[in-house]
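Chain by chain, the residues:
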Amino acid sequence: MHPSIARVALPVPLDKYFDYLIPEGCFPVIGGRVSVPFGRQTLIGIVVELVNTSEMALTKLKPVNHVLDDDPVWPFQLYQLLKWCSQYYQYPLGDTLSNALPAALRKGKAAEFPVLQEWSVTDAGREQLMLGLGRAVRQAKALNFLAVRPACSETLLAEDISKQVLRDLQKKGWVTVCEKQSRQMPWPDHLENESEKPRLNEEQAVAVATVNSDQGFHCYLLEGVTGSGKTEVYLNMIAPVLARKKQALVLVPEIGLTSQTIERFRSRFLVPVVVMHSGLNDTERLQAWLAARDGHAGVMIGTRSALFTPFHDLGIIIVDEEHDASYKQQDSLRYHARDVAVMRASLEGIPIVLGSATPALETLQNALSGKYHHLRLTSRAGSAVPARNRVLDIKGMYLEGGLSAPLIAEMRMHLQAGNQVLLFLNRRGYAPVLMCHDCGWTAACQRCDMHYTYHQLTQDLRCHHCGSIRPVVSQCQHCGSQNMVTSGVGTEQLERHLEQLFPEYQTIRIDRDSTRRKGSLESALESVRKGEYHILIGTQMLAKGHHFPDVTLVALLDVDSALFSNDFRASERLAQLFTQVAGRAGRASKPGEVVLQTHHPEHSLLQVLLEKDYRHFAMMALEERQLCSLPPFNYLTLFKAESNDARQAEEFLRQVRHTLEANPVFDAYCAVIGPSPAPLAKRAGKYRWQLLLQVSRRATMQQLLVSARPAIQMLPLTKRVRWSLDVEPHDLS
Ligand code: ADP
Ligand code: ZN
Ligand code: ZN
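Reading the values: rules and limits
Residues numbered from 1 in each chain as written. Chains lettered and ligands numbered in written order. Predicted model: local features only at pLDDT ≥ 70, side-chain atom pairs only at ≥ 80, totals over all residues. Heavy atoms only, no water. Near = heavy atom within 4 Å. Polar contact = N/O pair within 3.5 Å; in protein donor to acceptor, adjacent residues only side chain to side chain. Areas by Shrake-Rupley, 256 points an atom, 1.4 Å probe, with all protein chains shown as cover. Helix = DSSP H or I, 4+ residues; strand = E, 2+ residues; numbered from the N terminus. Donors = N, O, S within 2.8 Å, 3.2 Å for Na, K, Ca; no water. Tetrahedral: all angles 85-135°; square planar, octahedral: opposite > 155°, others 65-115°. Buried < 20%, exposed > 50% of the residue type's maximum accessible area, 1.4 Å probe, protein only. UniProt positions renumbered as here; feature names shortened; annotations may be inferred. Contact = heavy atoms within 4.5 Å. Arc of directions from axis to C-beta. Axes fitted to C-alpha atoms, helices over the stretch in contact; angles between N-to-C directions. Parallel < 35°, antiparallel > 145°, perpendicular 65-115°, else oblique. Nonpolar A, V, L, I, M, F, W, Y, C, P; charged D, E, K, R; others polar. Domains from an automatic or database assignment. Buried area = accessible area lost by both parts, 1.4 Å probe. Salt bridge = Lys/Arg side-chain N within 4 Å of Asp/Glu carboxyl O. Pairing = 2+ DSSP bridges.

Quick look at the site of ligand 1
Here is step 1: Near ligand 1 there are 16 residues, and of these Arg199, Gln204, Gly227, Lys230 and Arg264 occur at the shortest range.
Here is step 2: Taking Thr231, its side chain carries an N or O atom lying 3.0 Å from an oxygen atom of ligand 1.
Here is step 3: The separation between an oxygen atom of ligand 1 and a polar side-chain atom of Arg264 is 2.9 Å.
Here is step 4: The protein chains hide 73% of the 560 Å² of surface that ligand 1 would expose on its own.
Here is step 5: For the shell around ligand 1, the element with the most residues is helix H9 (residues 230–243), which contributes three residues.

Okay, here's the thing in structure tokens:
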């Protein structure tokens, strides 16, 4: 008998499914979309089960409106992966599934390439062309156009040839139309552009051979210093996969998806290389998604969310710069794309390669313990030599725009030699504080209790936490004095000082403010590469994956705050940043130099980083993490709550704590810390609290969350506060 009820996961923040009657003649499938009535709305959901009984009375059930798919939207393993994500990250399945779909499918568009109408000229049409069409100018234009090549309606419309003209021609029998599925390009016989391939060095060759000789699921860490030729290794791992008619997925950090990267893949492979990132519009996203699913695309390069793209036959996953923070989604489904990618590779039975110069401590630990296979590239490819590092003690020194005199002198030397200088300052705006010189009053965002950053170019005060903007104040609001001064240095101010210090050199500032416009980052990077600028100012945007061959001096102006942060990952991030930024300096013929300004040259972290390397730092940091029972030796879940009322968020988390502790799964391996105020204790007028759950076994953490969450959701305060739960959080603020 036909099942009579479809159980549907809907994009609503509720942990339950909804039952609908299946009307006569309707055939929903599990994993396919249906549109259903929900209250007064119509929603699109995914069928998760087909059944014959419901807890609801049958008379109360509404029927499904439409069945949108005859086949599941995702292949089986990907559907399993999404279900796993929903469960692991404790996020409702309906929302998880819905978020994994391209927006066009979420809105009900068909999950296939549109059928195109292709127009062409008939023999009669050709004859008529010879005879001429007299005054029918539009018809003549259309016939002439089509006489050269058949074309689809969209192309013709772009040529200003209307449907009406085509229909008139069709009635006369001069043109004909046929339907054609778009995008059915067979792969070329030749998949690779051999002329571009450099000879691999020995370490590269070993890495490539190791991965290529294996099939089935294996996880590799490719630890290669910056410039060691990791991308070249990826290309060599992908080639044999394509030769087996399988596809490759390459994940890159958000900022790393530049046209340079894409071009490198496109010029090497002759199969279609598609791109998936948040800058695409709905149609472009759907097209890339379909191209992967239907096997037209050979390679997909994409950011975090590309991970949920279906493939016709996926053969390998590469995660470049696997340590990058942008792989962790910070809202809704708080997944880590690297971790989920490993899960996907395991479900699909294919190899996965995690590449980085500065592996995350979690990943490194997995490699050290033998869970992942460790591949290393220890030298720079080609003839480049490693950069020289130097720490500059700036205690008591006069700083001009954040620059010490020795650094200014050093810069002059490099600039005079015709090279470029990169200054790294992770603080945008003119100054982080605007203060009254007479009484010390500071301009602060009332909604966050944090200082406003003064932006001189726009003449306003901006809160970097909630985004609020207000006009700059010229008078102290406490004592009325007009003696307002700034304190601290941001990138705008540094830029001003550089224009005065080095008027003969061009300076460019690359931060979020200067690159807001679409494409502006690309064009800035391009002009830097062309040598139009000599001094580059960058925030951490510039730290990732950009190669500037003429930069020979990199300076980090102010990193001291990271040395004393209370976020246990701060030192790891600083070490990664330092190593990555240092890796930008000096290529091939031009040796690079890295200068780090600090008030704490004796700090052990800086010592290890400067005198040894990231690897030594990482080993030291892992030991420390083990001593303190921190990840990767322990698993964390962060409960966050915020409310307008100062006490409710705290009270809610106190109840969460009791609920957790009262759960039978809670044992000696579990501990709860808090509730405590979040490091950013107030944001946009809301008070923020958090509660940290520490469990030494991953499975226990999962069991505890699964078993305690329903009770937490029943707490009366859930309706009064905004709360969330972050499994394996990355950002503790
Ligand atoms: P990474 O991704 O590790 O930073 P890339 O793959 O971008 O390094 O390589 C750095 C540079 O070295 C690139 O210009 C690349 O073309 C070049 N390169 C890589 N491998 C080789 C090789 N075996 N021989 C010569 N040049 C190479
Ligand atoms: Zn004052
Ligand atoms: Zn604010």
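Points about the coordination of the zinc ion (ligand 2)
Here is step 1: The protein atoms that coordinate the zinc ion (ligand 2) are Cys436 (SG), Cys439 (SG), Cys476 (SG) and Cys479 (SG), at distances spanning 2.3 to 2.4 Å.
Here is step 2: Taken together, the four donor atoms coordinating the zinc ion (ligand 2) span angles of 104 to 113° at the metal, a pattern that classifies the geometry as tetrahedral.
Here is step 3: Written as a sequence motif, the donor residues of the zinc ion (ligand 2) are C-x2-C-x36-C-x2-C. Residue Cys436 is found in strand E20 (residues 433–436), and its partner Cys476 is found in the loop between strand E25 (469–471) and strand E26 (484–487); the two are separated by 40 residues along the sequence. Like Cys476, Cys436 is buried.

Description of the coordination of the zinc ion (ligand 3)
Here is step 1: Every protein donor of the zinc ion (ligand 3) is accounted for by Cys445 (SG), Cys448 (SG), Cys463 (SG) and Cys466 (SG), and the metal-donor separations fall at 2.2 to 2.4 Å.
Here is step 2: Viewed at the metal, the four donor atoms of the zinc ion (ligand 3) are separated by angles of 106 to 114°, and the geometry they form is tetrahedral.
Here is step 3: Residue class for Cys445 comes out buried when judged on its relative accessible area of 1%.

Focus on the UniProt feature "binding site: Zn(2+) 2" (unreviewed entry) in the chain
Here is step 1: Here the UniProt-annotated "binding site: Zn(2+) 2" (unreviewed entry) positions come out as Cys445, Cys448, Cys463 and Cys466. A maximum C-alpha distance of 8.7 Å among these annotated residues, which run over 22 residues, shows that they cluster at one spot.
Here is step 2: Setting aside anything within four residues of it in sequence, one finds Cys445 in contact with Met450, Tyr452, Cys463, Cys466 and Ser468.
Here is step 3: In this structure, Cys448 sits in the loop between strand E21 (444–445) and strand E22 (450–451).
Here is step 4: The residues contacting Cys448, other than those within four sequence positions of it, are Cys463, His465, Cys466, Lys682, Arg683 and Ala684.

Regarding helix H16 (residues 520–529)
Here is step 1: Buried within H16 we find Ser520, Leu521, Ala524, Leu525, Ser527 and Val528. Within H16, the buried residues cover an arc of 165° as seen down the axis, which keeps them to one side.
Here is step 2: Contacts from the buried residues of H16 go to strand E19 (420–424), strand E27 (507–510) and strand E28 (535–538).

With respect to the packing of helix H5 (residues 137–148) against helix H7 (residues 163–171)
Here is step 1: One way to put it is that H5 packs onto H7 with a least axis distance of 10 Å and a crossing angle of 80°. Relative to H7, the element H5 lies roughly perpendicular. In this structure, H5 uses Arg138, Gln139, Ala142, Leu143 and Leu146 to contact H7, whose residues at the interface are Val165, Leu166, Asp168 and Leu169.
Here is step 2: Each residue belonging to the contact of H5 with H7 can be placed in one class, and the counts come to six nonpolar, one polar and two charged.

Things to note about the domain arrangement of the chain
Here is step 1: Domain boundaries in the chain define domain 1 (5–107), domain 2 (115–181), domain 3 (202–377), domain 4 (388–430 + 488–625), domain 5 (431–486) and domain 6 (635–727).
Here is step 2: The C-alpha centroid of domain 3 is placed 30 Å from the C-alpha centroid of domain 1.
Here is step 3: Taken together, the contact between domain 1 and domain 3 spans 21 residues of the former and 19 residues of the latter.
Here is step 4: Contact between domain 1 and domain 3 buries roughly 1700 Å² in total, counting both sides, with carbon and sulfur atoms accounting for 76%.
Here is step 5: Taken as a group, Leu78, Leu81 and Tyr89 account for 30% of the area that domain 1 buries against domain 3, more than any other trio of residues on that side.
Here is step 6: Our count for the domain 1 to domain 3 interface comes out at one salt bridge.
Here is step 7: The shortest N-O distance in the salt bridge between Lys107 and Asp282 comes to 2.6 Å.
Here is step 8: The tally of links from domain 1 across to domain 3 stands at two residue pairs in polar contact (both at pLDDT 80 or more).
Here is step 9: If you list the elements that add at least two residues to the side of domain 1 that touches domain 3, you get helix H1 (76–88), helix H2 (93–100) and helix H3 (103–106).
Here is step 10: Top element by residues in the side of domain 1 that touches domain 3 is H1. It accounts for seven residues.
Here is step 11: Residues belonging to the side of domain 1 that touches domain 3 are distributed by class as follows: 16 nonpolar, four polar and one charged.

Quick word on the side chain of Arg304
Here is step 1: Along the chain, the position of Arg304 falls in the loop between strand E12 (299–302) and strand E13 (314–320).
Here is step 2: For Arg304, a relative accessible area of 18% translates into the label buried.
Here is step 3: Beyond its immediate sequence surroundings of up to four residues, Arg304 is in contact with Leu251, Val252, Glu254, Ser326, Tyr327, Lys328, Gln329, Tyr335 and Ala337.

What to know about the UniProt feature "binding site: Zn(2+) 1" (unreviewed entry) in the chain
Here is step 1: Taking the UniProt record as the reference, the feature "binding site: Zn(2+) 1" (unreviewed entry) is found at Cys436, Cys439, Cys476 and Cys479. For the residues just named, distributed over 44 residues, the greatest C-alpha separation is only 8.5 Å, placing them together at one site.
Here is step 2: Tracing the chain through its elements places Cys439 in the loop between E20 and E21.
Here is step 3: Given the relative accessible area of 37%, Cys439 is considered partly exposed.
Here is step 4: Setting aside its immediate chain neighbours within four residues, Cys476 contacts Cys436, Cys439, Trp441, Ser481 and Met484.

Comments concerning the sheet that holds E12
Here is step 1: The seven strands are arranged E11-E12-E10-E13-E14-E9-E15 in an open sheet whose pairing can be described as parallel. Of all strands in the sheet, those bounded by a partner on one side alone are strand E11 (273–276) and strand E15 (373–377). On average, each strand axis in the sheet is inclined to that of its neighbour by 20°, with strand direction left out of account.
Here is step 2: Sitting on the sheet, helix H8 (residues 202–213) is in contact with strand E9 (219–224), E13, strand E14 (352–356) and E15, with an inclination near 155° to E15.
Here is step 3: Set on the sheet, helix H13 (residues 361–368) makes contact with E9, E14 and E15; between it and E9 the angle comes to about 115°.

What to know about the pairing of strand E1 (residues 5–9)
Here is step 1: Across the five residues of E1, five count as buried, placing the element largely inside the fold.
Here is step 2: Side chains Ile5, Arg7 and Ala9 project from E1 onto one buried face, and the interleaved Ala6 and Val8 project onto a second face that is buried too.
Here is step 3: Bridge count between E1 and strand E4 (residues 41–51): five bridges; the pairing is antiparallel. By the bridge assignment for E4, Val8 is matched with Val47.
Here is step 4: Here four bridges tie E1 to strand E2 (residues 18–21), and the two strands are oriented antiparallel to one another. Bridge pairing in E2 places Ile5 opposite Leu21.

Concerning the sheet that holds strand E24 (residues 460–462)
Backbone-to-backbone hydrogen bonds pair the strands of a sheet. The strands run either parallel or antiparallel.
Here is step 1: The antiparallel open sheet is built from three strands, whose spatial order is E23-E24-E25. Since the sheet does not close on itself, it has two edges, and those belong to strand E23 (453–455) and E25, each with one partner. Taken pair by pair, the neighbouring strands of this sheet meet at an average axis angle of 30°, ignoring direction.
Here is step 2: Relative to E25, E24 runs antiparallel, the two being bridged by three bridges.

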